[in-house]
Amino acid sequence: MRISATVAAVSGALVLSAFAVPAAQAAGSDAGSYRSDVAKIRAAVHAASGQAKLSSSTATTDDPAPYALDVTFSNIKVHSGKPIVVGASAHVSVPVTYTLTHGVDVDITAADFLSGPVIYKGTFTDPSNAVFGDKEGTCTATSTTVASCKATLDFYPGDGDLANVDAGAWKAGGLAIAYNGQDPDSSTFDITKVGVAQQGGFASPNVQRLSKLTVNAAPEPVKKGKTITVTGSLTRANWETNKYAGYSTQPVKLQFRKKGASTYTTVKTIKTSSTGSLKTTVKATVDGYFRYSFAGTSTTPAVNATGDYVDVK
């Protein structure tokens, strides 16, 4: 399922009002339990308010709601700043580190204290999509009120976590929940005794659609001075069909590496067709390797085709 999240302001604490646990994560398993826990808090907020959906315009100070937890986030680093490249269907997990600062009355070692990162598309107050980890982060205290934490973000394109329009820029944030002994499944659950903190606006690397590039130089072998036709295809992940589709009208370099040489030089630049295909011609001169090279865009990573060797007679 795609995580289409909205954010509601509740008694000074921001609570995500829509979460999804991918179908791949079985109920009761460790993986996915963090998302499930957060979803329970969201459901409890809705039930307590008696509204079908909370928003900043409908929530009031009279609504039973979590209290603002004395927790802040800083130094959030997603995937060491590298782009997050996600294929058509395979699960992708990336590391996140962050610093958690808390009040002296917040017990981050409690079994029912949870924290973790989030990245979101759009604005923090009204994101079009958000992605979390399967598990909460693990934190190590560096002082009485500061902890160094690490976690992961988990992407399941095969379960609809991402739409093609999600490729590109995202922002990062952090979420913390202190249950304080409250059980969301209990009939005596008191949402007002649960603390929630959420903070956004941190930098995140782009989320990109995995690209693939092929090349074929023919004929092989070829006589010197004759024409070589070089074909290929540039495709990228389609997160909505879970297949790879052509990337149209993109500039791609045809490059050549002479036999025995270690570097490629650019022969010419051409554009992909409406279906992502490539085709051009060159004259045969010496033995060597032809490849196509794509520089990448904000939504699609750079990629080089594996060189195709041509024997010139």
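Read on for an overview of the structure. Quick caveat: nothing in here was measured; it's all calculated off a predicted structure. (Residues numbered from 1 in each chain as written. Predicted model: local features only at pLDDT ≥ 70, side-chain atom pairs only at ≥ 80, totals over all residues. Heavy atoms only, no water.)

1. Focus on unusual backbone geometry
For the peptide bond that leads from A218 to P219, omega is 5 degrees, which places it in the cis range. Summarising the element assignment, P219 is placed in the loop between β14 (211–218) and β15 (227–238). Look at the link from E220 to P221: it is a cis peptide, with omega at -10 degrees. Inspection of the secondary structure assignment puts P221 in the loop between β14 and β15. Although it is not a glycine, S80 sits at a positive phi angle of roughly 55 degrees. By the element assignment, S80 lies in the loop between β4 (71–78) and β5 (84–86). Phi is positive for N242, which is not a glycine, with a value near 60 degrees. Relative to the elements of secondary structure, N242 occurs in the loop between β15 and β16 (243–246). In this structure N242 comes out as partly exposed when scored by relative accessible area, which is 29%. (Helix = DSSP H or I, 4+ residues; strand = E, 2+ residues; numbered from the N terminus. Buried < 20%, exposed > 50% of the residue type's maximum accessible area, 1.4 Å probe, protein only.)

2. Overview of the pattern of salt bridges
In the structure shown here, the tally under the stated rule is one salt bridge. The salt bridge involving D311 is made with K313; its shortest N-O contact spans 3.0 Å. Residue D311 is classed as partly exposed on the basis of its relative accessible area of 24%. Owing to a relative accessible area of 60%, K313 belongs among the exposed residues under this scheme. (Salt bridge = Lys/Arg side-chain N within 4 Å of Asp/Glu carboxyl O.)

3. Examining the packing of aromatic side chains
A complete count under the given rule lists five aromatic pairs for this structure. Ring centres 5.8 Å apart and planes at 80 degrees place the aromatic pair Y247 and F294 in the edge-to-face group. Linking Y247 in the loop between β16 and β17 (251–258) with F294 in strand β20 (residues 288–294), this pair joins segments that are 47 residues apart in sequence. The same class applies to Y247 and to F294, which are both buried. Sitting over the ring of Y264, R291 keeps its end group 3.9 Å from the ring centre. (Phe/Tyr/Trp six-rings, centres within 6.5 Å; stacked < 30°, edge-to-face > 60°. Lys NZ or Arg CZ within 6 Å of the ring centre and 35° of its normal.)

4. A look at the layout of surface pockets
Taking a probe equal in size to a water molecule and rolling it over the atoms shows the remaining empty space. Of the volumes computed, that of the largest pocket is approximately 170 Å³. What lines the largest pocket is I108, T109, A110, F113, S115, E136, G137, T138, C139 and A141. Broken down by secondary-structure element, the contributors of at least two residues to the lining of the largest pocket are β7 (113–122) and β9 (138–141). It is β9 that contributes the most residues to the lining of the largest pocket, three residues altogether. For the lining of the largest pocket, the class distribution of residues is five nonpolar, four polar and one charged. (1 Å grid on protein atoms, 1.4 Å probe; cavity = no way out; pocket = protein on both sides within 12 Å on 5 of 7 lines; lining within 4 Å. Points joined across faces, edges and corners; volume = space filled by probe spheres on them. Nonpolar A, V, L, I, M, F, W, Y, C, P; charged D, E, K, R; others polar.)

Read these as layout, nothing more, since geometry by itself doesn't imply function.
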